[in-house]
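Notes for the structure review
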Protein chains: 2
Amino acid sequence: VAPDSDTVTWGMANFIAAEEFDRVRGYWWSPDSSQLIVERFDEAPVSQWWITDPSQPDVEPAAIRYPAAGTTNPEVSLWLVDLKGKSREITWDREAFEYVVSVEWSKRGAPLVTVLNRQQNHLQVLSVDPASGATIVIAEVHDDAWVELAGGVPTWSPDGRLIMSSDDAKSQTCRLTIDGDPLTPAGVNIRAVLNVADDGLLVATSTEPTQCHVAHVSYEGKATILTKGKGWNVARRGGDALLMMSSRLHSLTTHRNVLRWSPGSTSLTKLASIDSFNETPSVLPRLELVTLGDRELRAIVQWPTDHIAGSKRLPVIMNPYGGPHAQRVVESGRAFCSTQWLADQGFCVIVADGRGSPGRGPKWEREVFGDLATAPLEDQIAVLQAAALRWPNDIDLDRVGITGWSFGGYLAALAVLARPDVFRAAVAGAPVTDWRLYDTAYTERYLGNPAKNPENYECTSLIPLAPRLERPLLLIHGMADDNVVVAHSLRLSAALTAAGRAHSVLPLSQVTHMTPQEDVAENLLLLEVDFLRKALT
Amino acid sequence: VAPDSDTVTWGMANFIAAEEFDRVRGYWWSPDSSQLIVERFDEAPVSQWWITDPSQPDVEPAAIRYPAAGTTNPEVSLWLVDLKGKSREITWDREAFEYVVSVEWSKRGAPLVTVLNRQQNHLQVLSVDPASGATIVIAEVHDDAWVELAGGVPTWSPDGRLIMSSDDAKSQTCRLTIDGDPLTPAGVNIRAVLNVADDGLLVATSTEPTQCHVAHVSYEGKATILTKGKGWNVARRGGDALLMMSSRLHSLTTHRNVLRWSPGSTSLTKLASIDSFNETPSVLPRLELVTLGDRELRAIVQWPTDHIAGSKRLPVIMNPYGGPHAQRVVESGRAFCSTQWLADQGFCVIVADGRGSPGRGPKWEREVFGDLATAPLEDQIAVLQAAALRWPNDIDLDRVGITGWSFGGYLAALAVLARPDVFRAAVAGAPVTDWRLYDTAYTERYLGNPAKNPENYECTSLIPLAPRLERPLLLIHGMADDNVVVAHSLRLSAALTAAGRAHSVLPLSQVTHMTPQEDVAENLLLLEVDFLRKALT
């Protein structure tokens, strides 16, 4: 199929689907390989933005289409395309349900398309007639805040029943359902369906949010947990072979074992292990996983390798992500190597997840609805204060810095602006500073439409706080960032300058939202530490 | 005349003429108003650059044509255009002489066109036949470095003799000549011819470079100086009326008087004065104009208003421009108000001109030929050290900062990078950091062509010095700067980051090369002082 125009793309996931719905695929083969479902999207109605590299004035700026909060999304449709290139549109009420969240086409049933309305509080599961492209609604979900599904659902069971997830208000867990009836028990949060087999489902589950366990669930609801002890586990299945990837908090190795497993049994036989050729980190995290404060906030506390407990009160660096849909506090030692390096420079480093983070149930996740600022910041402070109570001779509350990237950068900048009584310095990497500049699907999910809910945007923006800055703040931002555009940092910097507030900016030329470049990443750590050391010691 | 294409402009001065040859005009009427000389320039061969405002990602970047050192200039030609729109090209060897430095068309003679070769060491004065457009060479100037002319020349005397300026090697002065013979005395530098009348020329002169005096010179060489005492004076003449603008070092007022003057007499009668409605500055400069060091460098030294001499050694801020073709140390109090404000924050502020600055003769100006770094920096240090010898109880050599804008920003950044033993901190505003990124005419005049003289560019670039930074450095740059583009600061910042050297950047959104915006200018001063105070006190 050829593009219809410059703004039309076939066969790829649009930006919003990939960035905000974890859908990176834009075509799906039928089980018999006779046709495909193909995404078509047209960015003509989406605002034109430019991403530039002012360090190279002779390079033409790149035009991109960026759907900022409150503006028009790309027009997305799905098409049945046969091997001769003949196509038929799949029809549904695209006006009412503009997001295509997922598509599945398995031999177990008709193609399943999951669509969501713009406000994200009404989801429909559609069954597609692969001959005509007509659809029927086979399931619907409403939510007062936003609809949240586990990974891997909806899907068909082998006998043609619909596997879905459902947020159970009473038990505050995300449970699997089969044709609407609960399949997994209350109290166990389902993160994702990993595999569908004749004997049952392989699922990733959390009872304790810092852990992830792999379980087998039969279609009668019989659950067998396949992973033991504390840890973070994910798996893939093929027949009676499992590929199990397991991390532990006090190990730097992720074990990748191929195991033989017979359904119904709990015995796993190791067939092979996959070697890891990752570089061995030069640090060994010295950390504690703790639960702190009234809200039982999970946190990792890291100490300098040579710190003698009780000998010395250390300056603190909070290093959160803190935003929805992502977790930092997990039972995986490998996740805490760069923070250990930071601790070894003479700091107590604390990584904490607060309200809004996944794995603690539907209500916990939705605590940030309408306000992405208050609860995440309160929870960082609660962890800090509880840690100081627990380690009064090791933590110095008069020397607390905060650093983070992306949402973590937002939270770090927010912290020094709003709570200079607590935070003495901040390093904000690629921060959002005004949610009006961030994308439709993510932002509107939490804050609503800026035209209808301007107060949600006003009270979470960092710009009005600029005149209040009284602590050292370093803004780091990739000039080529096409996700959180550099305008975020530049607008905060301009507001700070207009208010005569001293601050530092580190513009990273030819860097996007992440900094995989080894030399950039390494030097950023050095520069961050230099900045924090000057401010805190 | 209509444009021939999108890249062609008629009737305006091209960027290089305006920025580097002080020629802001692109059309010249004949004295009888029957036709014009019109500049045509075509920017098609000039590199396309983009000026962007990344703080507004939805605003389309502006495409500009920027002739960077070593790249192709716009193609410039001159045309005779009559009132019916008929045009004839003015012909000369445009390949050999691509710069049109000046055009004059007075009733005193044929049109005069001054052209210069790309290397700027060979200048020709052309006389134009207004009927055919043909030209003849009526004067030529060669220089081992570059050709320098006084302002307002070449021009015709009323009796048809050519008035030119000439750099006299023996007396090291710029003298006026008439048909090749000296008209003004050795030892008096001519800055500009201000007026041509039947009785003689009105000229701006300097014997002492910090002063400018207005004189009348008859065509027989009789000179009458019309301004008295120390000061900086410029004038305009109409018949027997002079408009005289006079500044003094210890006054904040520029007096603008209309005077009656009869040629041959030295008596001036005041007819009227033009009121000034400028805001009265809130500071009164407390300054000394001194001559320091073996090279008799001129400098302004400013003290806090309440400083008691000898009571306290103060941190020092050097505030140079320091580049060729511009002077800071002049007998005009008004020029030192913002530096007095800076001094009043608790600093000794020193403004010094070094080698390369105008008004001290041809050799002095050309001391920077091939190297814009060494002499200007040496001279700032020489002034500093001599000042410390003169005021040992008032100046603290262990706390010296430097701040400047444009070339001054270059010099400030160079100072901390190359001489951290002397300079403890720098604020560099809109600095050049690599001369390869600056324009053709300015840069090649001093450093030659980057392809032929790469060593001149290498040894003056700040980029290779980045790993040596060990002092606080704040880079301030307008993101919309279309003269010294922000790439200068971004590339230095990137080199510093790549070397793991801490530094600060203040990117000014929607600001060009200068900061006339009152709030920006005021806040920049506050932020500069904040930065320097932290670094020096």
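Residues numbered from 1 in each chain as written. Chains lettered and ligands numbered in written order. Predicted model: local features only at pLDDT ≥ 70, side-chain atom pairs only at ≥ 80, totals over all residues. Heavy atoms only, no water.

**Some remarks on the overall build of chain A**
This is how the line gets drawn: Secondary structure counts use DSSP, requiring at least four H or I residues in a row for a helix and at least two E residues in a row for a strand, with both numbered from the N terminus. When we talk radius of gyration, it's over C-alpha atoms, and the globule rule is simply 2.2 Å times the number of residues to the 0.38. With a 1.4 Å probe rolled over the protein chains alone, any residue whose accessible area is under 20% of its type maximum counts as buried; one over 50% counts as exposed, and the rest are partly exposed. Note on definitions: a residue-residue contact is assigned when non-hydrogen atoms from the two residues lie within 4.5 Å. Accessible areas in this description were obtained via Shrake-Rupley with a 1.4 Å probe; residue shielding takes into account the shown protein chains only. For this count, His and the chain ends are skipped, Lys and Arg are scored as positive, and Asp and Glu as negative. Throughout, a charge is located at the NZ atom of Lys, the CZ atom of Arg, the CG atom of Asp or the CD atom of Glu.
On a plain count of helices and strands, chain A comes out with nine helices and 31 strands. Against the compact-globule benchmark of 24 Å for 537 residues, chain A has a radius of gyration of 24 Å, which places it among compact chains. In terms of principal-axis extent, the alpha carbons of chain A reach across some 70 × 55 × 45 Å. Within the span of chain A, comprising 537 residues, buried residues form 57% of the whole. For chain A, restricting intrachain contacts to residue pairs at least 6 apart in sequence, the fraction spanning at least 24 positions comes to 59%. Of the roughly 21,400 Å² of accessible surface on chain A, a fraction of 50% belongs to carbon and sulfur atoms. For chain A, the centre of its 48 positive side-chain charges and the centre of its 65 negative side-chain charges are spaced 6 Å apart.

**Here we look at the packing of helix α2 (residues 337-344) of chain B against helix α9 (residues 518-536) of chain B**
Residues and elements named next belong to chain B. Applicable threshold: Note on geometry: axes are C-alpha line fits, over the in-contact stretch for helices, and angles between N-to-C directions span 0 to 180 degrees. The handedness criterion is simple: a crossing whose near helix is rotated anticlockwise from the far helix by less than a right angle is left-handed, and one whose near helix is rotated clockwise is right-handed. Gly falls in the polar group here, along with every residue not listed as nonpolar (Ala, Val, Leu, Ile, Met, Phe, Trp, Tyr, Cys, Pro) or charged (Asp, Glu, Lys, Arg).
For the pair α2 and α9, interaxial distance at closest approach is 11 Å and the crossing angle is 35 degrees. Note that α2 runs across α9; the crossing there is right-handed. Of α9, the residues touching α2 (which contributes Ser338, Trp341 and Leu342) are Leu525, Leu526 and Val529. Tallied by class, the residues present in the contact of α2 with α9 amount to five nonpolar, one polar and no charged.

**What about the environment of Glu378 of chain A?**
Residue and element names in this part refer to chain A. As for its placement among the helices and strands, Glu378 is situated in helix α4 (residues 374-390). Judged by its relative accessible area of 37%, Glu378 is partly exposed. For the pair Glu378 and Ala498, spaced 120 residues apart in sequence, the C-alpha to C-alpha distance is 28 Å. When near neighbours in sequence (up to four residues on either side) are disregarded, Glu378 contacts Arg295 and Arg355.

**Some details on the relation of the copies chain B and chain A**
Worth spelling out the cut-off: A residue counts toward the fit only if its pLDDT is at least 70 in both copies, and the copies are then superposed by least squares on the C-alpha atoms of those residues.
When chain B is fitted to chain A, the residual RMSD is 0.0 Å, and the transformation amounts to a turn of 180 degrees plus an axial shift of 0.0 Å. On this basis, the relationship between the two copies can be described by a two-fold rotation axis.

**Some words on α2 of chain B**
Within α2 of chain B, the full set of buried residues consists of Cys337, Thr339, Gln340, Leu342 and Ala343 of chain B. On its buried face, α2 of chain B sits against β25 (297-302), β26 (314-318), β27 (348-352) and α9 of chain B.

**Some words on the interface of chain B and chain A**
Counted only if it meets this: Buried area is calculated as the accessible area (1.4 Å probe) missing from two parts once they are joined, with the contributions of both summed. We define a salt bridge as a contact between a side-chain nitrogen of Lys or Arg and a carboxyl oxygen of Asp or Glu at a distance within 4 Å. Polar contact is the term for a pair of N or O atoms within 3.5 Å; when the atoms are in protein, one must be able to donate a hydrogen and the other to accept it, and sequence-neighboring residues count only if both atoms are side-chain atoms.
Taken together, the 37 residues of chain B in the interface contact 37 residues of chain A. Carbon and sulfur atoms make up 67% of the surface buried where chain B meets chain A, a total of about 3,000 Å² over both sides. At the junction of chain B and chain A, the tally comes to zero salt bridges. Our enumeration of links across chain B and chain A arrives at 13 residue pairs in polar contact (both at pLDDT 80 or more). Mapped onto the side of chain B that touches chain A, the elements with two or more residues apiece are β4 (48-51), α8 (487-498), β31 (504-508) and α9 of chain B. With six residues, α8 of chain B is the single largest residue contributor to the side of chain B that touches chain A. Residues that form the side of chain B that touches chain A fall into these classes: 20 nonpolar, eleven polar and six charged.

**Topic: a negative patch on the surface**
Residue and element names in this part refer to chain A. Stated formally: Patch membership requires over 30% relative accessible area and the absence of a salt bridge. Like charges are linked within 9 Å, and nonpolar side chains (Val, Leu, Ile, Met, Phe, Trp, Tyr) within 5 Å.
Negative charge collects at one region of the surface, where Glu279, Glu518, Asp519 and Glu522 lie side by side. Inspection of the secondary structure assignment puts Asp519 in helix α9 (residues 518-536). Owing to a relative accessible area of 43%, Asp519 belongs among the partly exposed residues under this scheme.

**Some words on a nonpolar patch on the surface**
Taken together, the side chains of Tyr27, Trp29 and Leu83 of chain A define a hydrophobic patch exposed on the protein surface, amounting to about 340 Å² of accessible area. Mapping Tyr27 of chain A onto the fold places it in strand β2 (residues 27-29).

**Overview of the packing of aromatic side chains**
The description of an aromatic ring pair uses the distance of the two centres, along with the angle that the planes make with each other. All names here are of chain A. What counts, and what does not: Centres within 6.5 Å are what make two rings of Phe, Tyr or Trp a pair, Trp counting through its six-membered ring; a difference in plane orientation under 30 degrees is then read as stacked, over 60 as edge-to-face, and the rest as tilted. Whether a charge sits over a ring comes down to the Lys NZ or Arg CZ being within 6 Å of the ring centre and within 35 degrees of the ring normal.
Going through the model one piece at a time under the given rule, you end up with 30 aromatic pairs over all chains. Counting every residue linked through ring pairs, the aromatic cluster contains Trp146, Tyr321, Phe369, Phe407, Tyr410, Trp435, Tyr438, Tyr442 and Tyr446. Over the face of the ring belonging to Trp364 we find Arg360, whose NZ or CZ atom lies 3.7 Å from the ring centre.

**Comments concerning the pairing of strand β26 (residues 314-318) of chain A**
All names here are of chain A. Note the threshold: Strands are labelled as partners when DSSP assigns at least two bridges between them. The crossover handedness rule: strands pointing away from the viewer, path from first strand over the helix to second strand clockwise, crossover right-handed.
Here β26 lies mainly inside the structure; five of its five residues are buried. As paired strands, β26 and strand β28 (residues 395-405) are joined by four bridges and run parallel to one another. Pairing of Val316 across the sheet is with Val400, part of β28. Two strands pair when backbone bridges link them, and β26 and strand β27 (residues 348-352) are joined in this way by three bridges, in the parallel orientation. Each residue of the ladder has a partner; that of Ile317, found in β27, is Val349. Note that the unit made of β26, helix α2 (residues 337-344) and β27 has a crossover that is right-handed.

**Some details on the side chain of Asn456 of chain A**
All names here are of chain A. In this fold, Asn456 is placed in helix α7 (residues 454-458). At 2.9 Å, the side chain of Asn456 and the backbone oxygen of Leu447 are in polar contact. With sequence-adjacent residues up to four places away left out, Asn456 is seen in contact with Gly370 and Leu447.

**Details of the pattern of salt bridges**
Working definition: two side chains of opposite charge can pair if their charged atoms are close together. All names here are of chain A. Using the criterion set out here, one finds 46 salt bridges over all chains in the structure. We note a salt bridge from Arg436 to Asp434, for which the minimum N-O separation is 3.0 Å. Each of Arg295, Arg355, Glu378 and Asp379 takes part in a single network of salt bridges with overlapping partners.

**Here's the deal with the confidence of the model for chain A**
Reading fine detail from the predicted coordinates is not recommended where pLDDT is low. Test applied: Scored from 0 to 100, pLDDT reflects the predictor's confidence in each residue.
On average, residues of chain A carry a pLDDT of 96, and 99% of them reach 70 or more. ipTM for the predicted complex: 0.92, alongside a pTM of 0.94.

**Examining the pairing of strand β9 (residues 112-116) of chain A**
All names here are of chain A. Within β9, five of the five residues are buried, which leaves the element mostly enclosed by the surrounding structure. Residue alternation in β9 divides its side chains into two sets, Leu112, Thr114 and Leu116 and Val113 and Val115, and both sets are buried. Direction of pairing for strand β8 (residues 99-104) relative to β9: antiparallel, over a ladder of five bridges. Opposite Val103, over in β9, you have Val113 as the bridge partner. Direction of pairing for β9 relative to strand β10 (residues 122-128): antiparallel, over a ladder of five bridges. Across the sheet, residue Val115 finds its bridge partner in β10, namely Gln124. Here β9 hands over to β10 after five residues, with Gln120 in that stretch at a positive phi of 65 degrees.

**Things to note about the sheet that holds strand β14 (residues 173-178) of chain B**
Judged by pairing direction, the sheet is antiparallel, and its four strands sit side by side in the order β12-β13-β14-β15 (chain B) without closing on themselves. Looking along the sheet, the strands with just one partner apiece sit at the ends: β12 (155-156) and β15 (181-182) of chain B.

**Regarding the environment of Gly500 of chain A**
By secondary structure assignment, the location of Gly500 of chain A is in the loop between α8 (487-498) and β31 (504-508). Residues Gly500 of chain A and Ala466 of chain A, spaced 34 residues apart in sequence, show a C-alpha to C-alpha distance of 9.4 Å. Apart from the residues lying within four places of it in its own chain, the contact partners of Gly500 of chain A are Asn523 and Leu527 of chain B.

**Section: the sheet that holds strand β12 (residues 155-156) of chain A**
Strand pairs in the sheet, formed through backbone hydrogen bonds, run parallel or antiparallel to each other. All names here are of chain A. Sheet architecture is open: four strands sit in the order β12-β13-β14-β15, paired in antiparallel fashion. Edge strands, defined here as strands with exactly one partner in the open sheet, are β12 and β15 (181-182). Note: strand β13 (residues 162-168) against strand β14 (residues 173-178), six bridges, orientation antiparallel. Looking at β14, one finds that Asp168 is bridged to Thr173.

**Some thoughts on unusual backbone geometry**
Here the bond from Val153 of chain A into Pro154 of chain A is cis, since omega is 0 degrees, no more than 30 degrees from zero. Its location among the elements puts Pro154 of chain A in the loop between β11 (135-142) and β12. At Ala430 of chain B, a position not held by glycine, the phi torsion is positive, near 45 degrees. Checked against the element boundaries, Ala430 of chain B lands in the loop between β29 (425-429) and α6 (440-447).

**Let's talk about α6 of chain B**
All names here are of chain B. Counting buried residues in α6 gives eight out of eight residues, a clear majority hidden from the surface. On its buried side, α6 packs onto α1 (15-20), β8 (99-104), α5 (407-418) and α7 (454-458). Where α6 begins, the side chain of Asp439 points an oxygen toward the backbone nitrogen of Ala441, at a separation of 3.5 Å. Once α6 ends, the next one or two residues include Gly448, with phi positive near 75 degrees.

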